[in-house]
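A structural walkthrough
The primary structure of each chain is shown beneath.
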Amino acid sequence: MKGMDHLSRRGFLTGAAATGALAAMGALAGCSPKASAEATQENGAGSAAEGAKTASVFDQPESVASQVKETKDYDVVVVGGGNSGVVGALELAQLGAKVLLVEQTTACTKYAGDIDALDSQIQKDQGIDIDKEWVIKDLVRYGQGKVDENLIRQWAYNAGAFIDWYQENMQKKGLDVMVDTVCKKFSPEGIWYSPASVHTAYQPPLKETANSMGSEIAIPAMLELYEEAGGEVMYKTTAVELVQDESGKVTGVIVEQDGAYLQLNTSKAVMLATGGFGGNKDMMDEMGVLSHKFCSCHIGAENSHGDGIRMAVWAGADRDYACEGTCNIFDRGCITGDDENGDIGLDGQGGANPKLWWPGSQPFLRLNALGKRYCNEDGPYDIAFNQACMQPGHYWWQVFDASSWEDVVSFGTTICSRVVAEEGAKNCLLLGQYYPCTNAEEWQSVFIDPNVENGVLIKADTIEELVDQMGLPKEAALASIKRYNELADKGVDEDFHKAPFRLTAVDEGPFYACKLAGWLLSTMSGVRVDYTYTPLTPEGDRIEGLKCVGLDHGGFFNGMYAQYYGGLNMSHNVVSSWLAAMDLMGKEYPVPVLSAANAYKA
């Protein structure tokens, strides 16, 4: 359930007026008449008698049940037409359920597409064997233990089977799935675990240059299969509140379409797949996800307002409280030509600049606002972003020279940061203009020249002119670049110990610089669920008739996204909805995980 079609319909003050419109979207997701006041108060919503209490995004609006004009009956209603919602709806329909997919905008989301998995048949055929328990322990460590190991283990043992199902369905529509076998190069070798596990749908045969891949082709194919299986879709339809019976079981959802309220009754469940709350700055503030303030760009997250999470909370679900800062963030957001640094920082709200610099993840020289080099530039997106947030102004400058093509070839980055085509790696058209290049001419025409023209890149004939245009303290910046070039000449980074093959001098004009911050892709926390993706109350009881999948449930991530596991977020989203659909239809999971089944209240 995404989009901002109904912002003007109802106001909801939850913080600064500048961001009130985003929070207003969330007010549309209401609570059923049966959702108890006790559950509301347990989750921090308060009551009418507490009128002086600080407004919250979890405040419960009035029910609209009395305004319902029509009812319809289904086995399952899936709320949200993103990757997780479409996958869940398709699996339900193929298993024989009468399903309705509700999407707030005019079309389902065709975004992302890389899917991490272990033990797919594609990997087995290529002899790729990955230690699942090693991955599980690494992800639990990455989340500092503030995660539900049972959900991670269940994903690890079932994601390969999901890919097999996914490929089978793609092939029905003349598509296929490939596994990316090119991993990031590390120094020393093996210091980071980087499994060759990224799966991507594609249209065969692969072309030498750009290919349409991922969700841009997979979502339309799955929607065709869904409708062939008897599934229905309602677009421009907003879920407003859940309906519960006397026991608290969810028995339906009220939606708003063309100004009228419609009640959709469900015999099995409502599945919430509304995509988190990356478009609701007030909710991110209240939930402690402050990383958005340091992101100049929110492309891809702006239409996710936390509707599903709030509806689940109002139905009695417990929130995932170990979520501080939990976001998926790329280090490719641009700050161009303004004095306020893209509205980033604790006094701002971020997201003011829609421009991107795709090669922002390349380990070129990085300088802070003082003109100082401050880190080993060779790190995953989350670490690079966090290091920059510790600097003055919370941004950084990326600096490189005319030899940048030779540099990026030697860097050997991978997955979403890849800018150089390589055999065995996906070679795709991504977001309309970003794709791996095959030579220096393509690099110059795709990345350099257009971005100089649109103001993303600063270009100068000399280092001195470049520093002047950057507005950095000149003496400090020149000294930092000089030192960096000396280390590059030695082939040893005595200051930050970057790998020698990623230590390249900035000494050949023309010279370039880009002012960068984070790019917020999604939030990754929600409500607590059990191994069937059924929301839990604070006491650990199940809220029957309800599923929270994808970015609407918590427990899988904490802090930041484990960036070296490319496609992990997408995989978690689709595997959760796929398994939740099986549970609703009484089908056993491909790989039952007994420890997960035993970890929750019976």
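None of the values given here were measured: they were computed from a predicted structure.

With that out of the way, let us pick up the overall build of the protein. The helix and strand tally for the protein stands at 16 helices and 16 strands. Relative to its full complement of 602 residues, the protein shows a buried share of 62%. Residue pairs at least 24 apart in sequence account for 74% of intrachain contacts in the protein once pairs closer than 6 positions are excluded. Split by element, the accessible area of the protein, about 21900 Å² in all, is 49% carbon and sulfur.

Our focus in this paragraph is the pattern of salt bridges. Throughout the structure, instances matching the rule amount to 25 salt bridges. Notably, a salt bridge pairs E377 with R373, separated by 2.8 Å at the nearest N-O pair. The buried category is assigned to E377, whose relative accessible area is 2%. Taking relative accessible area as the criterion, R373 reaches 12% and is therefore assigned buried. Linked by salt bridges that have partners in common, E133, K137, E149 and R153 make up one network.

Attention shifts here to the packing of helix α5 (residues 132-142) against helix α6 (residues 149-172). Running from amino to carboxyl end, α5 crosses α6 at an angle of 145°, the nearest separation of the two axes being 10 Å. The two elements α5 and α6 meet at a crossing, and its hand is right-handed. Counting all contacts with α5, which are made through K132, E133, V135, I136, L139 and V140, the residues of α6 involved are E149, I152, R153, W155, A156 and Y157. A class-by-class count of the residues in the contact of α5 with α6 yields 8 nonpolar, no polar and 4 charged.

One pass over the structure, following the stated rule, counts 20 aromatic pairs. With centroids separated by 5.9 Å and ring planes inclined at 45°, the aromatic side chains of W165 and W578 adopt a geometry described as tilted. Taken together, the positions of W165 in helix α6 and W578 in helix α15 (residues 568-584) put the pair 413 residues apart, joining distant regions of the chain. The class for W165 is buried, based on a relative accessible area of 10%. Pairwise contacts between aromatic rings join W357, F364, F400, W405, F411, W443, F447 and Y512 into one cluster. If you follow R332 out to its NZ or CZ, it ends over the ring of F330, 3.9 Å from the centre.

Rules behind the numbers
Residues numbered from 1 in each chain as written. Predicted model: local features only at pLDDT ≥ 70, side-chain atom pairs only at ≥ 80, totals over all residues. Heavy atoms only, no water. Helix = DSSP H or I, 4+ residues; strand = E, 2+ residues; numbered from the N terminus. Buried < 20%, exposed > 50% of the residue type's maximum accessible area, 1.4 Å probe, protein only. Contact = heavy atoms within 4.5 Å. Areas by Shrake-Rupley, 256 points an atom, 1.4 Å probe, with all protein chains shown as cover. Salt bridge = Lys/Arg side-chain N within 4 Å of Asp/Glu carboxyl O. Axes fitted to C-alpha atoms, helices over the stretch in contact; angles between N-to-C directions. Left-handed = near helix turned anticlockwise from the far one by under 90°. Nonpolar A, V, L, I, M, F, W, Y, C, P; charged D, E, K, R; others polar. Phe/Tyr/Trp six-rings, centres within 6.5 Å; stacked < 30°, edge-to-face > 60°. Lys NZ or Arg CZ within 6 Å of the ring centre and 35° of its normal.

Don't take any of this as a statement about function, it's just geometry.
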